[in-house]
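# Structure at a glance
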Amino acid sequence: MLEITLLVVGLMWLISLGWGFYQYLQEVRKVPLRLRTFEAEMEETEALNLSNSANLDEAWEREILRTKPPMFPTLQRWLSGKQWMNWLDREIQKAHISWEASSIVAMTLLGMAFALAVGSILVTLLAPTSSPFGRLLFALLLAGSVPFGVFQWLRWCQRRFLRRVELILPDTLGLLANTLRAGMGFQQAIEIVAREGLSPLKEEFATVNRSLTLGSTIEEALEAMMERVPSPELQLALVAALVQREVGGSLAQIFETAAATVRRRLQARRELQTETALPRLSAIALAFGLPLFMFVAINLVTYLQTREAWSAPMFTSEGRLFWVAIAILEVCGWVWLSQVLTRLSE
């Protein structure tokens, strides 16, 4: 069994190496075409006499997005148009990471294959007397955890981006309010934030400004922004601004009120996190520290009594079943507690 697993791992490594060389050759073949494209774009840029550097950067950005090939073109063609691929594209856009959906799918499949091989090797080394079905089940469970880990990583990237947005959101709303009080229009205020604001909202308002320049309405551009940045505070402020534009009134007052409200909510959230710091650390200690301590303590006591390592009852066939039950209960308890703490912090 071990020899077969090692052979499979070696074949996977050779296939990965061959695929890497194939991608490298494909990129090398595209170099002359990219050079010709670069020269043509330079001539076109000089002909159009783009004096504004912002327009030049935008032109290069569009050219890069148009000519950049996907990392896995075959997989991209096979998966294009699938409903779950559209969902994955939206999740990647919310996470604001420079990955393509096809690349994440390919890396997930490679990770599942690697986890399957590693799981087979580990169960063969640690439990050589176990049944083939048990080994296969353990390897499949380990491989099946890879998509769950990728999904959790995407969620973590989204939460990290939203935290960055919420930190600068009061200042951004205050800048909008000050610009409107200075006598400028709403679109001019968006342009000022896109030029003078703070990242990452600066880039988002720049995207809104480009959409307005290309002919979109303010409602459409802001609704697209709310889809890209699903922050409740930002959505509340933008919806209030859109309603105020329809019914009439002072947009500057709306943004000032929204900025003050967001500051109070962030302050309350920080106070809540401070108050719940000890319960959260206790939860981590109970979920991970206590099982590890019991594992070391029981094995140490067993070794001192019998002078044989790994002879505790937990390493028998019945003990492994309890290991599985304990692992399931630990994961369920941690997920439940994480959901509770997340709801409290919102």
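What you see is a predicted model; the values in this text were computed from it and never measured. (Residues numbered from 1 in each chain as written. Predicted model: local features only at pLDDT ≥ 70, side-chain atom pairs only at ≥ 80, totals over all residues. Heavy atoms only, no water.)

### Digging into the overall build of the chain
Scanning the chain from N- to C-terminus turns up 13 helices and zero strands. Tracing the chain from N to C terminus, the helices and strands come up as α-α-α-α-α-α-α-α-α-α-α-α-α. Within the chain, the fraction of its 346 residues that count as buried is 28%. Intrachain contacts of the chain at a sequence separation of at least 6 include 60% that bridge at least 24 residues. Surface summary for the chain: the accessible area is close to 22,800 Å², and the carbon and sulfur share equals 66%. (Helix = DSSP H or I, 4+ residues; strand = E, 2+ residues; numbered from the N terminus. Buried < 20%, exposed > 50% of the residue type's maximum accessible area, 1.4 Å probe, protein only. Contact = heavy atoms within 4.5 Å. Areas by Shrake-Rupley, 256 points an atom, 1.4 Å probe, with all protein chains shown as cover.)

### Considerations on the packing of helix H9 (residues 218-228) against helix H10 (residues 232-247)
One can describe the packing of H9 onto H10 by two numbers: an axis separation of 10 Å at closest approach and a directional angle of 170 degrees. The angle between H9 and H10 falls in the class roughly antiparallel. In the crossing of H9 with H10, the sense of the turn from one axis to the other is left-handed. From H9, Ile218, Glu219, Leu222, Met225 and Met226 reach across to H10, where they touch Leu234, Gln235, Leu238, Val239, Leu242, Arg245 and Glu246. Partitioning the contact of H9 with H10 into residue classes produces eight nonpolar, one polar and three charged. (Axes fitted to C-alpha atoms, helices over the stretch in contact; angles between N-to-C directions. Parallel < 35°, antiparallel > 145°, perpendicular 65-115°, else oblique. Left-handed = near helix turned anticlockwise from the far one by under 90°. Nonpolar A, V, L, I, M, F, W, Y, C, P; charged D, E, K, R; others polar.)

### Examining the confidence of the model for the chain
Of all residues in the chain, 73% attain a pLDDT of 70 or more, and the chain-wide mean is 76. In this model, residues 48-60 is a region of pLDDT below 50 whose contacts with residues beyond four sequence positions or in other chains number seven contacts. (pLDDT = per-residue confidence, 0-100.)

### Looking at the packing of helix H6 (residues 132-181) against helix H7 (residues 186-196)
Taken N-terminus to C-terminus, the directions of H6 and H7 make an angle of 135 degrees; their axes are 9 Å apart at the nearest point. Here H7 runs oblique to H6, going by the angle between their axes. By crossing handedness, the relation of H6 to H7 is classed as right-handed. Residue-level contacts link Thr172, Leu175, Leu176, Thr179 and Leu180 of H6 to Phe186, Ala189, Ile190, Ile192, Val193 and Glu196 of H7. Here the residues of the contact of H6 with H7 are counted per class, giving eight nonpolar, two polar and one charged.

### Concerning the nonpolar core
Of all hydrophobic cores here, the largest spans 37 residues; its most connected members are Leu173, Leu201, Phe205 and Phe255. Secondary-structure elements contributing two or more residues to this core are H6, H7, helix H8 (201-213), H9, H10 and helix H11 (251-275). A total of nine residues in this core trace back to one element, the largest contributor, which is H6. Those residues in contact with Phe255 that lie beyond four places of it in its chain are Leu173, Leu176, Ala177, Leu180, Phe186, Ala237 and Ala241. By size, the runner-up hydrophobic cluster in this structure holds 13 residues, among which are Leu88, Ile97, Ala101 and Leu154. (Core = buried A, V, L, I, M, F, W, Y, C linked by side-chain atoms within 4.5 Å.)

### Examining the pattern of salt bridges
Across all of its chains, the model carries 10 salt bridges by this definition. Note that Arg245 and Glu219 form a salt bridge whose closest N and O atoms lie 3.0 Å from each other. A residue pair is termed long-range when its members are at least 10 positions apart, and Arg245 in helix H10 and Glu219 in helix H9 qualify at 26 residues. Judged by relative accessible area, Glu219 falls into the partly exposed class, the value being 26%. (Salt bridge = Lys/Arg side-chain N within 4 Å of Asp/Glu carboxyl O.)

### A few points about the packing of aromatic side chains
What the rule picks out here adds up to three aromatic pairs. With a centroid separation of 6.1 Å and 20 degrees between ring planes, the pair formed by Trp87 and Phe151 is classed as stacked. Taken together, the residues Trp87 in helix H4 (residues 83-95) and Phe151 in helix H6 connect sequence positions 64 residues apart. With relative accessibility at 28%, the residue Phe151 sits in the partly exposed group. Ring centres of Trp99 and Trp153 lie 6.3 Å apart, and the angle between their planes is 80 degrees; this geometry places the pair in the edge-to-face category. Here the residue Trp99 occupies a position in the loop between H4 and helix H5 (101-126), and Trp153 occupies one in helix H6, the gap between them amounting to 54 residues. Assessed through its relative accessible area of 38%, Trp99 is described here as partly exposed. (Phe/Tyr/Trp six-rings, centres within 6.5 Å; stacked < 30°, edge-to-face > 60°.)

### Some words on H7
Turning to H7, its buried residues are Phe186, Ala189, Ile190, Ile192, Val193 and Ala194. Summarising the contacts, the buried residues of H7 are in contact with H6, H8, H9, H10 and H11.

### Digging into the side chain of Glu204
Structurally, Glu204 is set in helix H8. In this structure Glu204 comes out as buried when scored by relative accessible area, which is 6%. Among the polar contacts listed, one links the side chain of Glu204 to the side chain of His96, at a separation of 2.7 Å. Within the local environment of Glu204, its side chain forms a polar contact with the side chain of Arg228, the two groups lying 2.8 Å apart. (Polar contact = N/O pair within 3.5 Å; in protein donor to acceptor, adjacent residues only side chain to side chain.)

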